[in-house]
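Fold and contact review
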Amino acid sequence: MPVIAWAAAAACLSGAATLLLTPAMIKAAYTFDWVDYPQVDRWHATPTALMGGVAMYGAGALAMLLLGPLAGVGTDVGLIGGGATLLFAVGMVDDLWGVGPTTKLAAQVGAAVLLMAAGHVFGPEWPLWASAPVTLVWVIGITNAVNLLDNMDGLAAGIGGIAAVALTAFAAAGGTLPAALLGGTVGGAALGFLWFNAKPARIFMGDCGSLVLGYGVAALAVMGQGAVAAGPGVAVLAPICALAVPIFDTTLVTVARTQAGRPVTNGGQDHTSHRLVTLGLSESAAVGTLHGMGAAAGGVGLTALVVEPTLFYAACAFGTVALGVIGGSLGRLDVYRTARVGGDGAPSVSMGPSSNAQAGQGRWQTVAAYLVGDGLLIGGALAAAHALVGSAGLTGAPDVPIVEGVLLVGAIQLVVLYAMGLYRRLWRHAGTPGIARIVGTILLAQAAAAGGLALVYGLGAVSAPLLMVDGVILTLGVLGSRLGRRGLQRGASLYRSRVAPAESTSNVLLYGTGERGMLALRALRDAEETDRVPVGFVDPDPSKQDQIVQGLPVFGGTGACAELCREHDIDEVIVAVGDAAADREQEVARQCAEVGVACRSFDVQMKPLRAGREDSTHGEPMHGPPA
């Protein structure tokens, strides 16, 4: 029977068994009080059954025990199953009584050792002294990454299932039966459990499920590296692509907590999913977005099977830059000062601007990030151009060493980009002049690169078609890296105003990001029934412009109100600055009248009262925030 057929059979059996076992686990969980109750540091707001991992593990074990002997897989799968059993046992004890991080780490090390004992290591062509420690770090890292990703309904199960499908397809293409059988089992169990774990979740998998799922996909990625014979690095990069979302989330959380001075090992609502909700997406939309990212990343990994290595390397480079742009945008959101509220458990807004936005990154960090990103874009564009044009060598001449040519072109282009000022601003937004500047800079960089190649290697080293295609790809990449953040903000704003609140009919622009503006935003967001959707701020303080406050962008200053109302389809402007800025209120009102947009003033009043009647002597309103 074909390898893909064994994988499909394992997926069907494992998925069906999970669908049958999970309802029984839900009933057992409530019977024995295996219930996860809401806590301050948890996302869910209602008591939910635990121990879904028991059903997942049981279904997977059943599939492997039935199909393994029929498929004739060796003891390597049995050793990997032993590692999964070890993590399942430790996770179950942790769910019931709790265990320390040292115990979990020891179990993960033991599971990694069993994977290596089965003959599977990260980088199968590497020497053992290099592959063994990398395998250990990989298994521990991915296992914990998937475990930490289990923070919203359906997130870990969906990401794990999608990754398992991609890794199984990769293994099946290479004819690796043990990996394909294991992948079908893991994918079927994860996607079967997703039926009960999607919002609103009826059961959580718990550590006994997330640790096993993380170990399963980590082992699959290692096993799949020997599945397909491709160019150098392809066999390692392709399986990693399928796990790009867990890697991205763990990296983002680690960097953000380090910058915020928080312990990396502490839990919190600062993961990618939480940040997407802070940006304005609903919980279901945030989970769906990450599922889509996981599917796209897995698809990039599978392109290694059908395209030449240089084009695959280019796709990996562009994907890395895209994740960097997303991470940079989400990393600026304030998620550490939020407070819990009722309802669906989403965090309320905090009472001040983002500390990240106030502090910002140091100039050298920003320049370094742009240099690394542009370096990836330059290399990716050259590789893609070579694959599309089909010329000999990356520079168009077979006698030019590829590495030397790429380094020369890359160095020249980076120098030109730096000299033309593409690293002197944060590019939070850019208009037509900024776009024209980027295009002109790329043209100049291409001309300089051609001159450098001609000077060092002669005119024969210059391939006009290759440089033209390279210039187009590089221009699109640089534009995307500079304007990607603005695109994310606009996309979230469009979602908030058009998709999330289907009953909402009024887009609101808030004037003022001070204390009164925060109160106005809280009032809009906390209202149970409202037809007003806040899409952004306007503030006269230049230091607050182009920042992210409470997940909303600060578009500009007072003079931009009329233009912003047209650009963002604003229906109403709410001014929240107080009596001290009456002249600004009048200017905003004038601009609103100019474009036919309603303008209202937000105010908070406190009036002293006496028993039975209002105090007529002290009837003056007291403007300002409540005590």
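Our subject is the structure that appears above.
Values in this document were obtained by computation on a predicted structure and should not be read as measured data.

A few points about the overall build of the protein chain
When its secondary structure is counted, the protein chain shows 21 helices and twelve strands. A total of 627 residues make up the protein chain; the buried ones form 51% of that total. Within the structure as shown, the protein chain displays about 26,800 Å² of accessible surface, and the carbon and sulfur contribution to it stands at 65%.

Digging into the nonpolar core
For soluble globular proteins, nonpolar side chains are generally found buried alongside one another. Core analysis: the largest hydrophobic core is formed by 56 residues, its most contacted members being Ile 80, Trp 138, Tyr 215 and Val 217. Broken down by element, the residue count for this core peaks at twelve residues, all from helix H8 (residues 207-223). Those residues within four positions of Trp 138 in sequence are excluded, and the remaining contacts are Phe 122, Ala 218, Ala 221, Val 222, Ile 240, Leu 243 and Ile 247. Residues Tyr 370, Ala 385, Leu 422 and Val 478 belong to the second largest nonpolar core, which totals 29 residues.

Description of helix H21 (residues 582-595)
The end-to-end C-alpha distance of H21, which contains 14 residues, comes to 20 Å, matching closely the 20 Å that a straight helix rising 1.5 Å per residue would cover. Buried within H21 we find Glu 585, Val 588, Gln 591 and Cys 592. Seen from one end, H21 has its buried residues packed into an arc of 130 degrees, which puts them on one side. Among the exposed residues of H21, those pointing more than 90 degrees away from its buried face are Asp 583, Gln 586 and Ala 593. Those residues of H21 hidden inside the fold are in contact with strand S3 (506-511), helix H20 (561-567), strand S7 (572-575) and strand S8 (598-601). Just past H21, the residue Gly 596 takes up positive phi, approximately 75 degrees.

Considerations on the sheet that holds strand S6 (residues 552-556)
Strand order across the open sheet formed by six strands is S5-S6-S4-S3-S7-S8, with mixed pairing between neighbours. Both edges of this open sheet fall to strand S5 (548-549) and S8, since each of them pairs with a single strand only. Across six bridges, S3 lies against strand S4 (residues 532-538) in parallel orientation. Considered in S4, the bridge of Leu 509 is made with Gly 536. Where H21 meets the sheet, it contacts S3, S7 and S8, and its direction lies at approximately 160 degrees from that of S8.

Description of the packing of helix H3 (residues 75-96) against H8
Between H3 and H8, whose axes approach to 7 Å, the crossing angle comes to 155 degrees. Taken together, H3 and H8 sit at an angle that is classed as roughly antiparallel. The handedness of the crossing between H3 and H8 is right-handed. Side by side, H3 and H8 meet where Ile 80, Gly 83, Ala 84, Leu 87, Phe 88, Gly 91, Met 92, Asp 94 and Asp 95 of the first sit next to Asp 207, Cys 208, Leu 211, Val 212, Tyr 215, Ala 219 and Met 223 of the second. Partitioned by chemical class, the residues of the contact of H3 with H8 number eleven nonpolar, two polar and three charged.

Some points on the pattern of salt bridges
For the coordinates displayed, the defined rule picks out nine salt bridges. Of the charged contacts, one joins Asp 374 and Arg 482 as a salt bridge, the two residues approaching to 2.8 Å between their closest N and O atoms. With Asp 374 in helix H15 (residues 363-389) and Arg 482 in helix H18 (residues 464-499), this residue pair connects regions lying 108 residues apart in the sequence. Take Arg 482: its relative accessible area is 1%, and that puts it in the buried class.

Notes on the side chain of His 120
The residue His 120 is located in the loop between helix H4 (101-117) and helix H5 (128-149) in this model. With a relative accessible area of 14%, His 120 lands in the buried category. At a separation of 3.4 Å, a polar atom in the side chain of His 120 contacts the side chain of Asp 76. Discounting chain neighbours no more than four positions away, the residues touching His 120 are Asp 76, Ile 80, Leu 115, Thr 135, Val 222 and Met 223.

Some points on the packing of aromatic side chains
One pass over the structure, following the stated rule, counts five aromatic pairs. With a centroid separation of 5.7 Å and 55 degrees between ring planes, the pair formed by Phe 122 and Trp 126 is classed as tilted. For the ring pair Phe 312 and Tyr 313, a centre distance of 6.3 Å and an interplane angle of 50 degrees mean the geometry is tilted. On the accessibility criterion, Tyr 313 (27% relative accessible area) is partly exposed. These aromatic residues form a ring-pair network of at least three members: Phe 122, Trp 126 and Trp 138.

Calculation criteria
Residues numbered from 1 in each chain as written. Predicted model: local features only at pLDDT ≥ 70, side-chain atom pairs only at ≥ 80, totals over all residues. Heavy atoms only, no water. Helix = DSSP H or I, 4+ residues; strand = E, 2+ residues; numbered from the N terminus. Buried < 20%, exposed > 50% of the residue type's maximum accessible area, 1.4 Å probe, protein only. Areas by Shrake-Rupley, 256 points an atom, 1.4 Å probe, with all protein chains shown as cover. Core = buried A, V, L, I, M, F, W, Y, C linked by side-chain atoms within 4.5 Å. Contact = heavy atoms within 4.5 Å. Expected span 1.5 Å × (residues − 1). Arc of directions from axis to C-beta. Pairing = 2+ DSSP bridges. Axes fitted to C-alpha atoms, helices over the stretch in contact; angles between N-to-C directions. Parallel < 35°, antiparallel > 145°, perpendicular 65-115°, else oblique. Left-handed = near helix turned anticlockwise from the far one by under 90°. Nonpolar A, V, L, I, M, F, W, Y, C, P; charged D, E, K, R; others polar. Salt bridge = Lys/Arg side-chain N within 4 Å of Asp/Glu carboxyl O. Polar contact = N/O pair within 3.5 Å; in protein donor to acceptor, adjacent residues only side chain to side chain. Phe/Tyr/Trp six-rings, centres within 6.5 Å; stacked < 30°, edge-to-face > 60°.

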